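# Coordinate analysis (summary)
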Amino acid sequence: MGSGWSSEEERQPLLGPGLGPGPGAAWRNREAAAALPAAAPGPGRVYGRRWLVLLLFSLLAFAQGLVWNTWGPIQNSARQAYGFSSWDIALLVLWGPIGFLPCFAFMWLLDKRGLRVTVLLTSFLMVLGTGLRCVPVSDLTLKRRLIHGGQMLNGLAGPTVMNAAPFLSTTWFSADERATATAIASMLSYLGGACAFLVGPLVVPAPNGTSPLLASESSRAHIKDLIETVLYAEFGVVCIIFSATLAYFPPRPPLPPSVAAASQRLSYRRSFCRLLSNLRFLMIALAYAIPLGVFAGWSGVLDLILTPVHVSQVDAGWIGFWSIVGGCVVGIAMARFADFIRGMLKLILLLLFSGATLSSTWFTLTCLNSITHLPLTTVTLYASCILLGVFLNSSVPIFFELFVETVYPVPEGITCGVVTFLSNMFMGVLLFFLTFYHTELSWFNWCLPGSCLLSLLLILCFRESYDRLYLDVVVSV
């Protein structure tokens, strides 16, 4: 079924040291390509099963995002059902970025053992985490601890589902499909988080002052039962995905789809040295990590942010849902465009972050309507939040492809692991401060346009390069 390890011969790189990227790689690759016989066969075969592999990985990423964002959209109901405090709610969201602390261990596993082992371990952690949340106990203190433990285990699955998309696309897809595959695999995690905005508020009623029954013990028990229904459903979905992955998820295709997929890569230690000494990479990494980390933290407590402007839990859920869904659709479309017209990644990012800066400024000023006198309506809140989500979320796969192109031949998993680690650290710091300043959130809104503007300036100063694409084009010709 393709689940076994490939042979030693299959694991050997098809390109020798003379064709591997490195100092002076462009000239060596050009000379080596000119020396190849005209009829020499090169790597470039793709397999139909690549779409099944992409589907399984994308479903796993979807489930991880769904489980991570379970509590944010229904936090008011969770407070009443389980007695969660403001610190508990923030910590439930914080388990996502905390799960990235052992990120580099997962990236080492991906680099050394491949996709199958890493994905199986990730899905198994998710099974344990979602199962832990479903343990039936009557003691609310113990139940809260089990829920926190489950969220922590699900957070540990984050490094794989967030970082491995470019590795999967390079391993299985040809050069003219890589950006699209990266977008699908990376965007499904965001789509899972978006569905949590939809599923939670629609299934679980929000406690409010309109009905006295909501204050009764029977009403609290009803809300708790509905929350546990959601938890059991998520556990079932994760178990199905784990079973499918265990049955079929090959580590790599029999033959590589491109020259870049077959070429030698740097070692784990040398990769970190290359990344930390590359100023261009550090510049574009900050351009990604700061605004995406701020936006992820902001989205996780969107319900809390919109409460002062009298937006209900259901409306906040719909705003979060459509902002992420729009970002996923536009992100995949942008990636497909990048596959057709290569060498345009920087221009695409400049356009996206120009829109993100304008829309985030619009949202922040709208929330200050007592000073700015801008109309504060459902339409303006929907429009500004959705546009912000579209521009920022759709930039993720474009950033991932640009990272890999910039530092190639550093392995894709290590490259994306570093930048997503930074992004989650920014997100974690913001959420930590939020636990102490949750009564005043205007400062959080101002972080959005500030981070987007900073990223726009960094992208503008960035000098792009396409080392991996150049290798594919030159050697395969």
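Residues numbered from 1 in each chain as written. Predicted model: local features only at pLDDT ≥ 70, side-chain atom pairs only at ≥ 80, totals over all residues. Heavy atoms only, no water.

As annotated in an unreviewed UniProt entry, the protein carries the name Solute carrier family 49 member 4 and is attributed to Microcebus murinus. UniProt's Sequence similarities (unreviewed entry) comment on the protein is quoted here verbatim: "Belongs to the major facilitator superfamily." According to the UniProt record, the Catalytic activity (unreviewed entry) comment for the protein reads "pyridoxine(out) + n H(+)(out) = pyridoxine(in) + n H(+)(in)". (UniProt positions renumbered as here; feature names shortened; annotations may be inferred.)

### Describing the packing of aromatic side chains
What the rule picks out here adds up to 16 aromatic pairs. For the ring pair phenylalanine 124 and phenylalanine 242, a centre distance of 6.1 Å and an interplane angle of 45° mean the geometry is tilted. Of this pair, phenylalanine 124 sits in helix α7 (residues 115–133) while phenylalanine 242 sits in helix α12 (residues 217–247), and the two are 118 residues apart along the sequence. Overall, the relative accessible area of 39% leaves phenylalanine 124 in the partly exposed class. With a centroid separation of 5.6 Å and an interplanar angle of 90°, the aromatic rings of tyrosine 288 and phenylalanine 403 are classed as edge-to-face. (Phe/Tyr/Trp six-rings, centres within 6.5 Å; stacked < 30°, edge-to-face > 60°. Helix = DSSP H or I, 4+ residues; strand = E, 2+ residues; numbered from the N terminus. Buried < 20%, exposed > 50% of the residue type's maximum accessible area, 1.4 Å probe, protein only.)

### Remarks on the packing of helix α3 (residues 50–68) against helix α10 (residues 165–172)
The interhelical angle for the contact between α3 and α10, taken along N-to-C directions, is 170°, at an axis separation of 10 Å. Looking at the two axes, α3 sits roughly antiparallel to α10. For the pair α3 and α10, the contacting residues are Arg50, Val53, Leu54 and Phe57 in the first and Ala165, Leu168 and Trp172 in the second. Counted by class, the contact of α3 with α10 contains 6 nonpolar, no polar and 1 charged residues. (Axes fitted to C-alpha atoms, helices over the stretch in contact; angles between N-to-C directions. Parallel < 35°, antiparallel > 145°, perpendicular 65-115°, else oblique. Contact = heavy atoms within 4.5 Å. Nonpolar A, V, L, I, M, F, W, Y, C, P; charged D, E, K, R; others polar.)

### Observations regarding the pattern of salt bridges
Proximity of charged atoms lets side chains of opposite charge pair with each other. Scanning all chains against the criterion turns up 7 salt bridges. The salt bridge involving glutamate 177 is made with arginine 50; its shortest N-O contact spans 3.1 Å. Taken together, the residues span a long stretch of sequence, with glutamate 177 in the loop between α10 and α11 (178–203) and arginine 50 in helix α3 at a distance of 127 residues. In this structure, glutamate 177 and arginine 50 share a single accessibility class: buried. What emerges from the salt-bridge pattern is a single network uniting Arg265, Glu401, Glu405, Glu412 and Arg468. (Salt bridge = Lys/Arg side-chain N within 4 Å of Asp/Glu carboxyl O.)

### A closer look at the environment of glycine 193
Assignment of secondary structure puts glycine 193 in helix α11. Given the relative accessible area of 6%, glycine 193 is considered buried. Distance from glycine 193 to threonine 70, taken between C-alpha atoms, is 7.9 Å for residues 123 residues apart in sequence.

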